[in-house]
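Fold and contact review
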Amino acid sequence: MADLHPDGAPPADDAPQADDEERRTSFGTLVDAERYDRLRPDHPDDAVHWLTGSPGGPLDVLDLAAGTGKVSRALARRGHRVVAVDPSDGMLSVLRHWLAESPRAQVRAVAGTAEHVPLPDASVDAVVVGQAWHWLRPAAAAAEVARVLRPGGVLGLAWVVRDASVGWAAELEALFGGEGVGEATGADEAAPGAHARDLADADWWPRVPLRGAQRERASFPAVQRLASVDDVVALASTYSGLAVSRRREGLLARVRELAEGAAGPDGSVLLPQVCHCFRYRLP
């Protein structure tokens, strides 16, 4: 179980690791949901398989803070039965549109929050959270994860981030980190002006108060090919830090300059990225 006060309530200091309400609520409002879905990178299939505990067959899976359902669709392609939960109707509308065109997909889209998951006790084998654990109240979310997971169930967390050790991605990281608008992950506690700490740092783990859980980590390459410089700029506009920044237009102009320098002869741009994954298995 998660660490709670004796009365069952989460601790008073249960703040998200990226504790910025304006950024957290920008998805589906300031951040266009369809643009987010089209341009944000997919999680590699190998990573999705690992996050669910590398099962031999289909599972019941909760995609928590599912957004537009990018992870849900990857889970469905593997045959899993998925419930996608997110508080944003704007983001979920993209998934619902996909579901209307994919009647065989075993996915349900449900409005809800990580602190009040609309599922019964012991109802899923795995919970997956992509690009979002840092926005959640960790103790409250962990308590709900422990409640809905069956014995031996798995919580998998994933972040696809720029590989700051490679080429022009390092310049992007320096630009965003220096301005304090990099994509939040919780690794740097979203400190203004701080460069994002490398999620590959073996000394850093997300705050996941699941008592007795065995934890593991793995990383997977996730290079993304964007069709044009315009797509790179549009991708950057989906980062919550840029969406709320007063310097948004100037920063996007700088992103365009960097992307133009990285573009290939056909105009496409390769963005080196890594998918960092963390897995917690309950007793």
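Numbers given to residues run from 1 along each chain, matching the order in which its sequence is written. Residues qualify for local features only when their pLDDT is at least 70, as the model is predicted, and side-chain atom pairs are given and counted only at 80 or more; totals for whole chains, interfaces and linings, by contrast, use all residues. Side-chain numbers here rest on the full set of heavy atoms in the structure, without hydrogens or water.

The next thing to look at is the sheet that holds strand 5 (residues 149-162). Any two strands with at least two DSSP-identified bridges between them are counted as paired. We count a stretch as a helix when DSSP gives it H or I for four or more residues in a row; a strand needs E for two or more, and each element gets its number in order from the N terminus. Across the sheet, seven strands lie side by side as 3-2-1-4-5-9-6; this open sheet has mixed pairing. The sheet is open, and its two borders are formed by strand 3 (107-111) and strand 6 (214-221), each paired with just one other strand. Between one strand and the next, the sheet's axes are offset by a mean angle of 20 degrees, whatever the strand orientation. Judged from the five bridges that link them, strand 2 (residues 81-86) and strand 3 form a sheet pairing that is parallel. Counted as the bridge partner of Asp-86 is Ala-111 from strand 3. Any two residues whose heavy atoms approach within 4.5 Å are treated as being in contact. To obtain each axis, a line is fitted to C-alpha atoms, and for helices this fit is confined to the stretch in contact; angles are then taken between N-to-C directions over 0 to 180 degrees. This element, helix 6 (residues 138-148), spans strand 1 (60-64), strand 4 (124-130) and strand 5 of the sheet and lies at about 135 degrees to strand 5.

Ring pairs are drawn from Phe, Tyr and Trp, using the six-membered ring of Trp, whenever the two centres fall within 6.5 Å, and their geometry is named by plane angle: stacked under 30 degrees, edge-to-face over 60, tilted for the rest. Following the criterion strictly, the structure yields six aromatic pairs and no others. Taking 5.8 Å as the distance between ring centres and 80 degrees as the angle between the ring planes, the aromatic pair formed by Trp-159 and Phe-278 counts as edge-to-face. Residue Trp-159 is found in strand 5, and its partner Phe-278 is found in strand 9 (residues 273-281); the two are separated by 119 residues along the sequence. Look at Trp-204 and Phe-278: their rings are 5.8 Å apart centre to centre, the planes differ by 85 degrees, and that puts the pair in the edge-to-face class. Remark: Phe-278 occurs in strand 9 and Trp-204 occurs in the loop between helix 7 (167-179) and strand 6; sequence separation between them is 74 residues. Grouping residues by exposure puts Trp-204 and Phe-278 together as buried. Geometrically, a lysine NZ or arginine CZ counts as sitting over a ring once it is within 6 Å of the ring centre and also within 35 degrees of the ring normal. A cation over an aromatic ring shows up here: Arg-73 above the ring of Trp-98, its NZ or CZ 5.9 Å from the ring centre. Each residue is assigned to one of three classes by its accessible area relative to the maximum for its type, calculated with a 1.4 Å probe on protein chains only: buried under 20%, partly exposed between the two thresholds, exposed over 50%.

So, about the pattern of salt bridges. Note that side chains of opposite charge can pair when their charged atoms are close. Salt bridges are defined as contacts in which a side-chain nitrogen from Lys or Arg sits within 4 Å of a carboxyl oxygen from Asp or Glu. Scanning the model with the defined rule gives 13 salt bridges in all. Note that Arg-150 and Asp-60 form a salt bridge whose closest N and O atoms lie 3.0 Å from each other. In this pair, Arg-150 is assigned in strand 5 and Asp-60 in strand 1, connecting sequence segments 90 residues apart. Residue classification places Asp-60 among the buried residues on the basis of a relative accessible area of 18%. Here Arg-162 ties to Glu-173 by a salt bridge, and the two come within 3.0 Å at their closest N and O atoms. With Arg-162 in strand 5 and Glu-173 in helix 7, the pair connects residues that are eleven residues apart, well separated along the chain. Considered together, Arg-162 and Glu-173 belong to a single accessibility category, that of buried residues. Each of Asp-60, Arg-81, Asp-125 and Arg-150 takes part in one network of salt bridges that share partners.

Attention shifts here to helix 10 (residues 248-262). What a helix is expected to span follows from its residue count: subtract one and scale by 1.5 Å. With 15 residues, helix 10 should cover 21 Å at 1.5 Å per step; its first-to-last C-alpha distance of 21 Å lies within 8% of that length. Considered for burial, the residues of helix 10 that qualify are Leu-251, Leu-252, Val-255, Leu-258 and Ala-259. Down the axis, helix 10 shows its buried residues gathered within 115 degrees of arc, on one side only. The exposed set on the far side of helix 10, more than 90 degrees from its buried face, consists of Glu-249 and Gly-261. This arc describes the spread of directions from the helix axis toward the C-beta atoms.

For every residue, the predictor assigns a confidence score, pLDDT, that lies between 0 and 100. When pLDDT is averaged along the chain, the result is 85, and 81% of the positions lie at 70 or above. Residue range residues 188-196 is modelled with pLDDT below 50. Its contacts to residues more than four positions away, or to other chains, number 18 contacts.

Let's shift gears to the nonpolar core. Only buried Ala, Val, Leu, Ile, Met, Phe, Trp, Tyr and Cys residues count toward a nonpolar core, and they belong to the same one when joined by side-chain atoms within 4.5 Å. Membership of the largest hydrophobic core comes to 32 residues, with the highest contact counts inside it found for Val-127, Trp-133 and Leu-155. Listed by contribution, the elements that provide at least two residues to this core are strand 1, strand 2, strand 4, helix 6, strand 5 and strand 9. Among residues more than four places away in sequence, those in contact with Leu-155 are Val-127, Val-129, Trp-133, Val-145, Leu-149, Val-208, Leu-210, Phe-278, Arg-279 and Tyr-280.

Now for the pairing of strand 1. Of all the five residues making up strand 1, five are buried; the element is thus mostly covered by neighbouring parts of the structure. Across the two faces of strand 1 the burial is the same, with Asp-60, Leu-62 and Leu-64 and Val-61 and Asp-63 all buried. Pairing geometry for strand 1 and strand 2, over five bridges, is parallel. Pairing of Asp-60 across the sheet is with Arg-81, part of strand 2. Crossover handedness is defined by viewing with both strands directed away from the observer: a clockwise path from the first strand over the helix to the second marks the crossover as right-handed. Regarding the hand of the β-α-β motif, the stretch spanning strand 1, helix 4 (residues 70-77) and strand 2 is right-handed. Where strand 1 and strand 4 come together, three bridges link them in parallel fashion. Residue Asp-63 lies in a different strand from strand 4, and its bridge partner there is Val-128.

Moving on: helix 8 (residues 229-236). Burial analysis of helix 8 places seven of its eight residues in the buried class, which makes it a mostly covered element. Listed as buried for helix 8 are Val-229, Asp-231, Val-232, Val-233, Ala-234, Leu-235 and Ala-236.

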